[in-house]
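# Topology and contacts: notes
In case you want the letters, here they are:
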Amino acid sequence: MTKPTESLKNYWRSLADLDGTMPVVADEFPGAETSATPALLPATKLARRKFAGLLGASTALAGLTTTGCIRKPVENILPFSKRPEDMIPGQAMYYATAYQVGHSVLGLLVESQDGRPTKIEGNPRHSNSNGATDMWAQASVLSLYDPDRCRVPHRLGADGKHTASDWDTVTEELGATLKELRNAQGAGVALVVPTVLSPTYRDTLRGFQEKWPKARIIVDDPAAANNAVAGAEMIAGPGARPTYHLAGVKLIASFDADFLGTEFDHVRLQREYADGRAITSPADAPEMSRLYVLEPHLTVTGAQADNRLRVRGGEVGGLLSALADRLFAEKDVRLPPGGDQVRGALPKATLTPEQDKFVTVLAADLTAARKARRPNVIVVGERQPAWVHALGFLLNYALGNGANSLRLRLDDLAVATEPMAALAAGLRDGSITQVITLETNPAYDGAGELGLAEALKGKVLLHLGHHVDETGQIASWCLPAAHYLESWGDLEAADSTLSIVQPLIAPLHGGRSSLELLAWIANDAQIDGYSLVQGYWRTVLGPMYSDRVWRRWLHDGVAQGVPRAGTTPTPRDLGGLTTALTAAGSAEAAGSSGTGYELDFHLDPKIADGRHANNGWLQENPHPLTKLTWDNAAYVSIETARKLAVENCDNLRIAVGGREVIIPVWIAPGQADDTISLPLGYGRRNIGAVSKDSGVDVYGLQAGPNPWIVAGAEVAKQGTRRMVYSTQNHGSLDPGVDPASTKDDS
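Rules of the game
- Residues numbered from 1 in each chain as written.
- Predicted model: local features only at pLDDT ≥ 70, side-chain atom pairs only at ≥ 80, totals over all residues.
- Heavy atoms only, no water.
- Helix = DSSP H or I, 4+ residues; strand = E, 2+ residues; numbered from the N terminus.
- Buried < 20%, exposed > 50% of the residue type's maximum accessible area, 1.4 Å probe, protein only.
- Contact = heavy atoms within 4.5 Å.
- Polar contact = N/O pair within 3.5 Å; in protein donor to acceptor, adjacent residues only side chain to side chain.
- Core = buried A, V, L, I, M, F, W, Y, C linked by side-chain atoms within 4.5 Å.
- Pairing = 2+ DSSP bridges.
- Salt bridge = Lys/Arg side-chain N within 4 Å of Asp/Glu carboxyl O.
- Axes fitted to C-alpha atoms, helices over the stretch in contact; angles between N-to-C directions.

## Focus on the overall build of the protein
Looking only at helices and strands, the protein features 22 helices and 28 strands. Taken over 746 residues, the protein has a buried fraction of 53%. Expressed as a percentage of contacts within the protein between residues at least 6 apart in sequence, the contacts between residues at least 24 apart total 73%.

Okay, here's the thing in structure tokens:
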């Protein structure tokens, strides 16, 4: 059998493969012949596989420290000598719960073997999961058994070192300090919390505000959709919350939005996007959705694009403004009241011929879709500032996408909070003297320009965390946090879907959940999580509540029949957007982007913002595009690498605002020229064996106003090298087939 050679395509798997410099692999499994004798393996190979032993330690720890768990409201924990009557050894049982990262909520089904959680899948009843999940949720079960978890309360001594304590001492001594602060109405206190989507937690926060009226509540959550929320509130008022929906959408324009990778609600959007690309015959091809992507570095979403344009992150807003100007000129695109002022305030971006062509084609395609009533959507990524999101929302409404592919919801239960910049300012001016952090880590993930790592020293009274992390190491008291699989709670997704978070096992190390600790801080009352959650819903539902309803919620993983806000916000007051556009245009005219390189920060697809840095499964998992493992790197384009005279693994010195880091470079196809993309979450300090010496901490380079994109950086070759490892060329044995031959060897 023969095949015409002209029909063969020349695929390449890496830049080295493309330019012919990739060495021929002679041994598919180098070192395998000595693998039976670990002492003969090089030390570097042992280091790269240190996680295997740690996983073994995790499993052993779980077997030694856990007991069977019966999933009933009484929460009895029984030894196997008194096995629960509904437990059969070796037969899996499944329970519904929920999981949160930033503003994203996933409904989960967790498999339990002999009372121990072992496997996680999506809950088909939950609108954000539909039976699917992501790698963060899948791997979170390993974090439950992490040997490096904080196991007992720690107290900071006069010598600057932590010593082990116990919960009775915490209740007595720390409780006395908290009582004094409570009597002072919380003056000088800052409570730092992550994004709160739990109705019960929010209710407890309001109770905290009543008892601590002078305290300030700060949100610290790099994975949250804060810019998207701020953009929605800019045009639709306080409490407006956006969600994108791709079901039935035929045209998608993504402006620096990795909605298939790490963005808000990405699991649901992945499935909706896949459904829009599914075809069963060539006749279905015209109905397949089309994807346009503008982004500074190649993402999972960009790899799917039909039309992709690589641009600097700081140029995305100008390109969206150019698109808006052309769409607003169309008669079929209707602006809401005040839209004419917005059009007049649009920043005037200078486009390259390639950018102008892209915007022209996209505008024509969106206009045609609008006229043909084909569903479409413009998606703006979290890294873009609030005004870009607000403009994107306005464009979606002008294109008729409001309440369809873009939906705004009123979150009337949200508690007012302040950003991290307010914490830094309060520490500087002395208005904040005591800081309480609940499952947050501002000493690590605060933008470097804010200087929180130094400002927090001596100011953190209490830290609740899963590890003795960077903030815990400087806290007067560091308390062990319960894993979500050990805790009671509840979560409300962006589309109002409610779920009860129920534990599958008793806390392995006696930890407390944030909800339980906050209730104690607010009221000086030791109330368990189950009583807090059930009591809240008993009060909210009133006569509608019953044990049967509660059991149904726990069984299904979704709470039905709960009254929510009935109003749907829409763009109404565009004055804030007009002002923001004018300011953006002034900054563009003043050339505030600078003449240096642009730094683009992003959540790592594996370990997110660093919360999963001590998870061996995720560290070993290759990056979806660069295939790097156990490390991050500075991603640069081929042209930028030539300009800097660097190659893979050469160290770069990156400096901005007097702050600098040394990080190895990795040449990444699809990267915009003169930009450096930096994954967050690495370079953790003394939190565990898995994360030790893994990657470089780049939070220190971030700026305060918009930490995701920083212009004017100085970048130069440092002169040394640090090896980072990619699996991209693994398994690339040469089969010995001549592609020019027409002869079939078979």
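Here the narrative resumes, following the displayed structure.
## Looking at the side chain of Glu598
Within the secondary structure, Glu598 sits in strand β21 (residues 597–602). The class for Glu598 is buried, based on a relative accessible area of 3%. A distance of 2.6 Å separates a polar atom in the side chain of Glu598 from the backbone nitrogen of Gly313. The residues contacting Glu598, other than those within four sequence positions of it, are Arg312, Gly313, Gly314, Asp674, Thr675, Ile676, Ile709, Val710 and Ala711.

## Notes on the environment of Asp495
Inspection of the secondary structure puts Asp495 in the loop between β19 (489–492) and β20 (498–501). Residues Asp495 and Leu408, spaced 87 residues apart in sequence, show a C-alpha to C-alpha distance of 9.0 Å. Excluding residues that lie within four positions of it along the chain, Asp495 makes contacts with Ser127, Asn128 and Arg409. There is a polar contact of 2.6 Å between the side chain of Asp495 and the side chain of Ser127.

## Regarding the nonpolar core
Of all hydrophobic cores here, the largest spans 61 residues; its most connected members are Ile252, Phe255, Phe259, Leu320, Leu323, Phe328 and Ile378. Ignoring anything within four residues of it in the chain, the contact list for Leu320 reads Phe255, Ile378, Val380, Val388, Leu391, Gly392 and Leu395.

## Focus on the pairing of strand β18 (residues 477–480)
Residues Trp477 and Leu479 of β18 are buried on one face, and the alternating residues Cys478 and Pro480, pointing to the opposite face, are buried as well. The pairing of strand β6 (residues 154–156) with β18 spans two bridges and is antiparallel. Across the sheet, residue His154 finds its bridge partner in β18, namely Cys478. Across four bridges, strand β17 (residues 460–465) lies against β18 in parallel orientation.

## Considering the pattern of salt bridges
Side-chain pairs of opposite charge can arise where the charged atoms are in close proximity. All told, the structure shown has 34 salt bridges when counted by the stated rule. Here Glu295 ties to Arg308 by a salt bridge, and the two come within 2.8 Å at their closest N and O atoms. Taken together, the positions of Glu295 in strand β12 (residues 290–295) and Arg308 in strand β13 (residues 307–310) put the pair 13 residues apart, joining distant regions of the chain. Using a relative accessible area of 1% as the deciding quantity, one classes Glu295 as buried. Relative accessible area serves as the criterion here: at 25%, Arg308 is assigned to the partly exposed category. With a shortest N-O distance of 3.9 Å, Asp650 and Lys717 are connected by a salt bridge. Separated by 67 residues along the polypeptide, Asp650 in strand β24 (residues 650–656) and Lys717 in strand β27 (residues 709–721) bring together distant segments of the chain. Residue Lys717 is classed as partly exposed on the basis of its relative accessible area of 44%.

## Considerations on helix α19 (residues 547–556)
If you check which residues of α19 are buried, you get Trp550, Trp553, Leu554 and Asp556. For α19, the secondary structure elements touched by its buried residues are β3 (93–101), β20 and α18 (529–541). Directly after α19, the chain includes Gly557, whose backbone phi takes a positive value near 80 degrees.

## Regarding the sheet that holds strand β14 (residues 376–380)
Strand order across the open sheet formed by four strands is β13-β12-β11-β14, with parallel pairing between neighbours. Edge positions in the sheet fall to β13 and β14, since each of these pairs with one other strand and no more. Across this sheet, the average inter-strand angle for adjacent strands is 10 degrees, counted without regard to direction. Here strand β11 (residues 251–255) pairs with β14 via five bridges, running parallel. In the strand pairing of β14, Ile252 is matched with Val377.

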